Amino acid sequence: ENSLKTPSIAPAQEMLDLMYFSRAEQHKLIVGKLKARMLSRITSLPVEKQLSLLNRCFRYISILELRDLPLALFSLLPKIPSSYLVTLAQSPDLFAELPLSVKRQVWSLDANASLFTGYVASIAATYAAQARVR
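Reading the values: the criteria
- As a convention, each chain's residues are numbered from 1 in the sequence order in which they are written.
- Residue-level local features of this predicted model are given only where pLDDT is at least 70; pairs of side-chain atoms are given and counted only at 80 or more, and the full residue set underlies all totals for whole chains, interfaces and linings.
- Only hydrogens and water are set aside when side-chain values are computed; all heavy atoms of the structure are taken into account.
- Only the stretch in contact is used when a helix axis is fitted, and all axes are lines through C-alpha atoms; the angle between N-to-C directions ranges over 0 to 180 degrees.
- Labels follow the DSSP assignment, with helices taken as runs of H or I lasting at least four residues and strands as runs of E lasting at least two, numbered in each case from the N terminus.
- The cut-offs work like this: below 35 degrees is roughly parallel, past 145 is roughly antiparallel, 65 to 115 is roughly perpendicular, and the gaps in between are oblique.
- Throughout, a residue-residue contact means that at least one pair of heavy atoms, one from each residue, lies within 4.5 Å.
- Note on residue categories: nonpolar means Ala, Val, Leu, Ile, Met, Phe, Trp, Tyr, Cys or Pro, charged means Asp, Glu, Lys or Arg, and polar means any other residue, Gly included.
- Put simply, two rings from Phe, Tyr or Trp (the six-membered ring, in Trp's case) pair if the centres are within 6.5 Å, and we call them stacked under 30 degrees between planes, edge-to-face over 60, tilted for the rest.
- Using a 1.4 Å probe on the protein chains alone, a residue whose accessible area is under 20% of its type maximum counts as buried, one over 50% counts as exposed, and one in between counts as partly exposed.
- Counted as over-ring charges are cases with an Arg CZ or a Lys NZ within 6 Å of the ring centre that also lie within 35 degrees of the ring normal.
- Here, nonpolar core means buried Ala, Val, Leu, Ile, Met, Phe, Trp, Tyr and Cys residues that are tied together by side-chain atoms lying within 4.5 Å of each other.

Caption draft 1: A look at the packing of helix 5 (residues 82-89) against helix 7 (residues 100-109). The N-to-C vectors of helix 5 and helix 7 enclose an angle of 90 degrees; their axes lie 9 Å apart at closest approach. It follows that helix 5 is roughly perpendicular to helix 7 by the angle criterion. Counted together, S82, L85, V86, L88 and A89 of helix 5 and V102, Q105, V106 and L109 of helix 7 form the full contact between these two elements. Looking at the contact of helix 5 with helix 7, its residues break down into 7 nonpolar, 2 polar and no charged.

Below is the structure:
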């Protein structure tokens, strides 16, 4: 059920099984290689294709291993559709990982500016704590 259905990969998987590589390790390596290949190719795509790819991969942003692709697309796109920005604003952990250019777009949609004031307050608190240590 949760296996690769490619006939040409079966001999390689059998060999890796004999070398005591678990299927989970095999799949993790394959995902890593595919992700690296996609990340290297997205910069050359036109904006329309980048948006199309974002539409298809955004649903996987909560999966840590797959998060890099939507984040890379966000940093490449000059204007991110507001539907994504609203979703990003609702997830503090995900918001913390966003590039500053994307955070600015999220802040521009935030009606009561709570995200921006929280961000600035955390920076000010860090600065104050460091100033006390000196």
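Back to the text.
Caption draft 2: Here's a closer look at the packing of aromatic side chains. Within the structure shown, the criterion is met by 6 aromatic pairs. Relative to Y84, the ring of F58 lies with its centre 4.7 Å away and its plane at 65 degrees, an arrangement referred to as edge-to-face. Note that F58 is positioned in the loop between helix 3 (47-57) and helix 4 (68-76) and Y84 in helix 5, a separation of 26 residues in sequence. Looking at F58, the relative accessible area reads 12%, which means it is buried. The structure contains a cluster of three or more aromatic residues connected by ring pairs, namely F95, W107, F116 and Y119. Its end group placed over the ring of F95, K103 keeps NZ or CZ at 5.6 Å from the ring centre.

Caption draft 3: Region of the structure containing the packing of helix 7 against helix 8 (residues 114-133). One way to put it is that helix 7 packs onto helix 8 with a least axis distance of 8 Å and a crossing angle of 135 degrees. Regarding the angle of helix 7 to helix 8, the classification is oblique. When helix 7 is examined against helix 8, the residues L100, K103, V106 and W107 are found in contact with a partner set consisting of L115, F116 and Y119.

Caption draft 4: Structural detail: unusual backbone geometry. With a phi angle near 65 degrees, Y20 is a residue other than glycine that sits in the positive phi range. Positionally, Y20 belongs in the loop between helix 1 (10-18) and helix 2 (23-42). Accessibility expressed as a relative area gives 75% for Y20, which makes it exposed.

Caption draft 5: Looking closely at the nonpolar core. Ranked by internal contacts, the top residues of the largest apolar core, which has 22 residues, are F74, L88 and L98. Secondary structure elements with two or more residues in this core: helix 3, helix 4, helix 5, helix 6 (92-97) and helix 7. With 5 residues, the top contributor of residues to this core is helix 4. Look past the residues within four positions of F74 in its chain and what remains in contact with it is L54, F58, I61, I80, Y84, L88, L98 and V102.

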